[in-house]
Amino acid sequence: MTTLRLRMEPRPSPSALLMLGVPVLSALAALLLALVILTVTGAPLGQAVPLLVSGAAGSLFAVTETLTRATPLIFTGLAAAVAFRARLWNIGGEGQLYAGALAAVAVGGGAISAPPYLLVPLVMLAGAAAGALLLLGPVLLKTRLAVDEVVTTLLLNFVMLLFVQMMLEGPMQDPMGMGWPQSAPMVDEAALPKLVAQMRLHAGLILALAAAALVHVLIRRTALGLEMRAVGGNAAAARFAGISVPGTLIITGLFSGALAGLAGASEVAGLKGYLTTDLSPGFGYAGIVVAMLAQLNALAVVPAAIFIAAVFVGADSMSRTLAISNYFADLVVALALMCTLAGSLFLRYRLRLMRTPA
Amino acid sequence: MMEALEIIGQASFWAAAIRIAAPLIFGVLGALICERAGVLNLGIEGIFVAGAMTGWLTVSMGGDLWLGVAVAALVGAALGLLHGVFTVILGLSQHVTGLSITLLATSTAYFGYRVAFPSVTTPPVIEPFAPLNPAWLSAIPILGPALGQQTALVWLAFLCVAVTAFVLSRTPLGLALRAVGDNPAAVEAQGLSVTGLRMGALAAGSALMALGGAFLTLSAFNSFFFGMINGRGWVCIALTVFASWQPGKALLGALLFGAFDAYQVRLQTLAGSVVPTQIFLMLPYLLSILALVLAARRADYPRALMKPYIKGER
């Protein structure tokens, strides 16, 4: 009598095909699962699926909308990927995004007059600095006082949103805004240029792609990147090798916060032109899903962000035509994270059916 | 200034403090049970949402209030088991699993709400739990009326503290549960199942978290709305460290937090328009961070927290 047993054998290094195949299959599995749920709720799949696809990629407008939506997700995805590489659990991307946006409108809202080639970089730098500063607190609390950064970064998201609300109802409120809680519009010299005529797609995408390339080089090709990976892999071993773990974490945190801050700055400078408290429909949290889907690989963050953006844009257009809530997009995003997590098992282990004598 | 002090003598203040504390009591108890067994459950925020939504939905569809409580607890336990499949059985990252449970539970609850009520602007309300007002309480000054205004769910929260404290410190099950969070190999050597204990802790702890959510829709308010949890789950994770994973201190921490929160709401009306309301609204979150900072130095984390246990691996 023999019994079948499932055995998990560690896989030393997964093949390139597997590295590519697992995330793609995870994303597809998430979409399929979500469609099953959609069917259960009685939605007409025959109409819903074409609407979802055409809404995300069916026209030049749809494609530019998807890329517009992908821009902040690339930034927040990179922010999460950089931090998670060093096992710094920065879940505060949402708050850092708002910090970046607030700094961007503060600098670009007419306080400084300068030509675009000076003002645009200044606005972006201000956004990055604000995001980095907001994360510096939790990182210092972690390295100095051993305070868990997950909870502090999460709680700061709520604090930051309230702070933005306070500024938009107080000192930074648009005097011409008829009492609405929004900032004064940014001056034209501070705006990121549009990429396609008549469309909303803006140069923030170029910056996001450049950031992805830079982060890739940083992680793969520099001593700092090696240190970050070493701290993330095994902090004790890294310390033994003479790497300053707190120092590495602080630099990682500054990078991560700056990237999330850029997401906010690029949204206000490229898309909205002013700041409101509904700037982000959870880009900070979705960035975590993007990073996981990309297996924390900076270059892979780009397609992962475009996928998540397509889901959001497609779901929006679907919900406008059919009576399906656009919370559907959030459902797909959550399922994508679960499927990626389950899929990562296949990257780490080889699953074998074993025949063992009972 | 005197007015600011007089608040503390008001029964209504203490009633509000207890009402704010109740969901946190459930949440902190749930989190500490999971963490004592070695699993960090960051699904808590989403489990709160799921409990609030399913409990309320059950009652609004004609179910009994207690049926709503039971459904919420079952949904919470199911989400806890899902967490366990990923973290305990498959040994995947507890951070990422927890966050994905939060995203999944929240989005499913919101999507389900929109499926059930496609285009209502004001959600249907239910008849929530009524205050118990036991006669023997009214003799006690301040605290009597404050406790009298509370519903059966608040008393259930107090009962859960006592039961959790008793089980954890006075029973073989509690000993095994604490051991599995400190030294799972030793538990395995005793012939007990690490997987079974951790899955059980996750199911029980997550059920309690869901009760915290259900308290909001079935007792504190009478309806479900988006964003009603608003970080309460994360506050519980911070308070768990503050409470050093002890049920008694969890009760104390939650009540302190409730008192502070109730106090700032009253100060807000006293302060008028001098201080922006957002400052007051930030205080609970900042207070949680402060609690975490104060506790971090002496925090004695369960030693096997966040370490997956795979049989035969060291």
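Heads up: these notes are all about the structure in this document.

Definitions and cut-offs
Residues numbered from 1 in each chain as written. Chains lettered and ligands numbered in written order. Predicted model: local features only at pLDDT ≥ 70, side-chain atom pairs only at ≥ 80, totals over all residues. Heavy atoms only, no water. Axes fitted to C-alpha atoms, helices over the stretch in contact; angles between N-to-C directions. Helix = DSSP H or I, 4+ residues; strand = E, 2+ residues; numbered from the N terminus. Parallel < 35°, antiparallel > 145°, perpendicular 65-115°, else oblique. Left-handed = near helix turned anticlockwise from the far one by under 90°. Contact = heavy atoms within 4.5 Å. Nonpolar A, V, L, I, M, F, W, Y, C, P; charged D, E, K, R; others polar. Buried area = accessible area lost by both parts, 1.4 Å probe. Salt bridge = Lys/Arg side-chain N within 4 Å of Asp/Glu carboxyl O. Polar contact = N/O pair within 3.5 Å; in protein donor to acceptor, adjacent residues only side chain to side chain. Patch = residues over 30% accessible without salt bridge, like charges linked within 9 Å, V, L, I, M, F, W, Y side chains within 5 Å. Areas by Shrake-Rupley, 256 points an atom, 1.4 Å probe, with all protein chains shown as cover.

Things to note about the packing of helix 3 (residues 44-60) of chain B against helix 5 (residues 94-116) of chain B
Residues and elements named next belong to chain B. With their axes 7 Å apart at the nearest point, helix 3 and helix 5 run at an angle of 25 degrees to one another. Judged on the interaxial angle alone, helix 5 and helix 3 are roughly parallel. Between helix 3 and helix 5 the crossing geometry is left-handed. In contact with Ile-44, Glu-45, Gly-46, Ile-47, Val-49, Ala-50, Met-53, Trp-56 and Leu-57 of helix 3, helix 5 contributes Ile-101, Thr-102, Ala-105, Thr-106, Ala-109, Tyr-110, Gly-112, Tyr-113 and Ala-116. Of the residues contributing to the contact of helix 3 with helix 5, the split by class is 13 nonpolar, 4 polar and 1 charged.

Brief notes about the interface of chain A and chain B
Counting residues at the interface gives 42 residues for chain A, matched by 44 residues for chain B. Contact with chain B buries area across many residues of chain A, yet A:Leu155, A:Tyr327 and A:Met338 alone supply 17% of it, more than any other trio. Taken together, the links from chain A to chain B amount to 0 salt bridges. Applying the counting criterion to the chain A and chain B interface returns 2 residue pairs in polar contact (both at pLDDT 80 or more).

Regarding the packing of helix 7 (residues 204-221) of chain A against helix 8 (residues 223-233) of chain A
Residues and elements named next belong to chain A. Contact geometry for helix 7 and helix 8: axes closest at 5 Å, N-to-C directions at 75 degrees. Here helix 7 lies roughly perpendicular to helix 8, going by the angle between them. Two secondary-structure elements touch here, helix 7 through Leu-218, Ile-219, Arg-220 and Arg-221 and helix 8 through Ala-223, Leu-224, Gly-225, Leu-226, Met-228 and Arg-229. Counted by class, the contact of helix 7 with helix 8 contains 6 nonpolar, 1 polar and 3 charged residues.

What about a nonpolar patch on the surface?
Side chains of A:Leu20, A:Val24, A:Leu25 and A:Leu28 sit close together on the surface and give an oily, nonpolar patch of about 410 Å² of accessible area. Inspection of the secondary structure assignment puts A:Val24 in helix 1 (residues 16-40).

Focus on the environment of B:Gly231
For B:Gly231, the location among the structural elements is in the loop between helix 10 (194-220) and helix 11 (232-242). Residues B:Gly231 and B:Leu90, 141 residues apart in the sequence, show an inter-C-alpha distance of 28 Å. Setting aside residues no more than four positions away along its own chain, B:Gly231 makes contact with A:Phe158 and B:Glu45.

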